[in-house]
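The residues making up each chain are set out below.
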Amino acid sequence: MSFVKKRLRPRLLGVYALAAVALWLSRPTPASIAAGALPVAFGEALRLWATGHLHKNDSLTITGPYAYLRHPLYFGTLLIGLGFLIMAWSPVALALATLFGSVYFGYYMPYKDRIESARLESLYGDAYRRYAAAVPRLIPRLHAYAPLAAEQARETSWRGTRFSDNNETGTAVVVAVGVLCMVARWSLS
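These figures come from a predicted structure and were not determined experimentally.

Procedures and definitions
- Residues numbered from 1 in each chain as written.
- Predicted model: local features only at pLDDT ≥ 70, side-chain atom pairs only at ≥ 80, totals over all residues.
- Heavy atoms only, no water.
- Helix = DSSP H or I, 4+ residues; strand = E, 2+ residues; numbered from the N terminus.
- Rg over C-alpha atoms; globule rule 2.2 N^0.38 Å.
- Buried < 20%, exposed > 50% of the residue type's maximum accessible area, 1.4 Å probe, protein only.
- Contact = heavy atoms within 4.5 Å.
- Areas by Shrake-Rupley, 256 points an atom, 1.4 Å probe, with all protein chains shown as cover.
- Lys, Arg positive; Asp, Glu negative; His and termini not counted.
- Charge placed at Lys NZ, Arg CZ, Asp CG, Glu CD.
- Axes fitted to C-alpha atoms, helices over the stretch in contact; angles between N-to-C directions.
- Parallel < 35°, antiparallel > 145°, perpendicular 65-115°, else oblique.
- Nonpolar A, V, L, I, M, F, W, Y, C, P; charged D, E, K, R; others polar.
- Core = buried A, V, L, I, M, F, W, Y, C linked by side-chain atoms within 4.5 Å.
- Expected span 1.5 Å × (residues − 1).
- Arc of directions from axis to C-beta.
- Polar contact = N/O pair within 3.5 Å; in protein donor to acceptor, adjacent residues only side chain to side chain.

Concerning the overall build of the protein
Helix and strand counts for the protein stand at eight helices and zero strands. Overall, the protein shows an N-to-C arrangement of helices and strands of α-α-α-α-α-α-α-α. Here the C-alpha radius of gyration of the protein, 18 Å, is about what a compact globule of 189 residues would show, namely 16 Å. Overall, the protein is about 60 × 35 × 35 Å in size when its C-alpha atoms are taken along their principal axes. For the protein, buried positions account for 36% of its 189 residues. Partitioning the contacts of the protein with sequence separation of at least 6, the portion at a separation of at least 24 is 80%. Within the structure as shown, the protein displays about 10900 Å² of accessible surface, and the carbon and sulfur contribution to it stands at 71%. Computed over 20 positive and 10 negative side-chain charges, the separation of the two mean positions in the protein equals 8 Å.

And the structure:
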């Protein structure tokens, strides 16, 4: 039931409506689907990796992809969006992506980063400040972040329970359905 509640929030209904319009107006080809599948797969793999490490409010997550960038879930989502844009292969999809990107980078991402950073700083203090100063938001660093010995996470390995606790199964299903819709759109055109 949490899958349905999370995926049908009012704020997401507009996103789904835009996606439906973009799908309807898209002109996918076998080549665009194949080319777009690569960033979609990388983005979803990054999200799977990240959610298996994400401790949410239990401890500061600095392992897995979080050792390379602070927002691997957002970065994974951007890769998935880029992949669908490539699959759609249409000027309308490009226009919608430009609009979405403007809102995302101009408002949503700075807003979420401010709120999330303030929350994490209030919970973890200096440990978060050191982490935030060393690890970029969206562009991965080349070497893993090395925390102080006292800041080492007690659990550093990927866990399927965290993956499911963080509701990533629903995102994976939505992404898979999106790819299938693109393939269906191509086969019906």
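There's plenty left to go through after this.
Overview of the packing of helix α4 (residues 72-88) against helix α8 (residues 168-188)
How two helices pack is summed up by the angle between their axes together with the distance between the axes. One way to put it is that α4 packs onto α8 with a least axis distance of 11 Å and a crossing angle of 10°. By the criterion of interaxial angle, the relationship of α4 to α8 is roughly parallel. Here α4 contributes I80, F84, M87 and A88 to the contact with α8, which in turn contributes V175, G178, V179 and M182. The class makeup of the residues in the contact of α4 with α8 is seven nonpolar, one polar and no charged.

Re unusual backbone geometry
With the exception of glycine, most residues fall at negative phi, and the peptide bonds are largely trans. Backbone geometry places W89, a non-glycine residue, at a positive phi of 50°. Mapped onto the fold, W89 is located in the loop between α4 and α5 (91-124).

Some points on the nonpolar core
The nonpolar side chains of a soluble globular protein tend to be buried with one another. Ranked by internal contacts, the top residues of the largest apolar core, which has 14 residues, are L60, Y128, Y131 and Y145. Of all the elements in the fold, those that place two or more residues in this core are α5 and α6 (126-134). The leading source of residues in this core is α6, at four residues. Setting aside residues up to four positions removed in sequence, Y131 forms contacts with L60, T61, I62, Y66, L69, R70 and Y145.

Here's the deal with the environment of P140
By secondary structure assignment, the location of P140 is in the loop between α6 and α7 (160-165). With 52 residues separating them along the chain, P140 and A88 place their C-alpha atoms 27 Å apart.

Details of α8
Counted at 1.5 Å a residue, the expected span for α8 with its 21 residues is 30 Å, and the 30 Å between its end C-alpha atoms agrees. Every buried residue belonging to α8 is among E168, G170, T171, V175, G178, M182 and R185, and all of these are buried. All buried residues of α8 lie within an arc of 155° about the axis, which places them on one face of the element. Seen from the open side of α8, the exposed residues pointing more than 90 degrees away from its buried face are L180 and L188.

Focus on the side chain of R162
Summarising the element assignment, R162 is placed in helix α7. Within the structure, R162 has its side chain in polar contact with the backbone oxygen of G52 (distance 2.9 Å).

Considering the side chain of H71
With respect to the helices, strands and loops of the structure, H71 is situated in the loop between α3 (30-53) and α4. Within the structure, the side chain of H71 is placed 2.8 Å from the side chain of D113, a separation counted as a polar contact. Once residues lying within four places of it in the same chain are set aside, the contact partners of H71 are M109, D113, R137 and L138.

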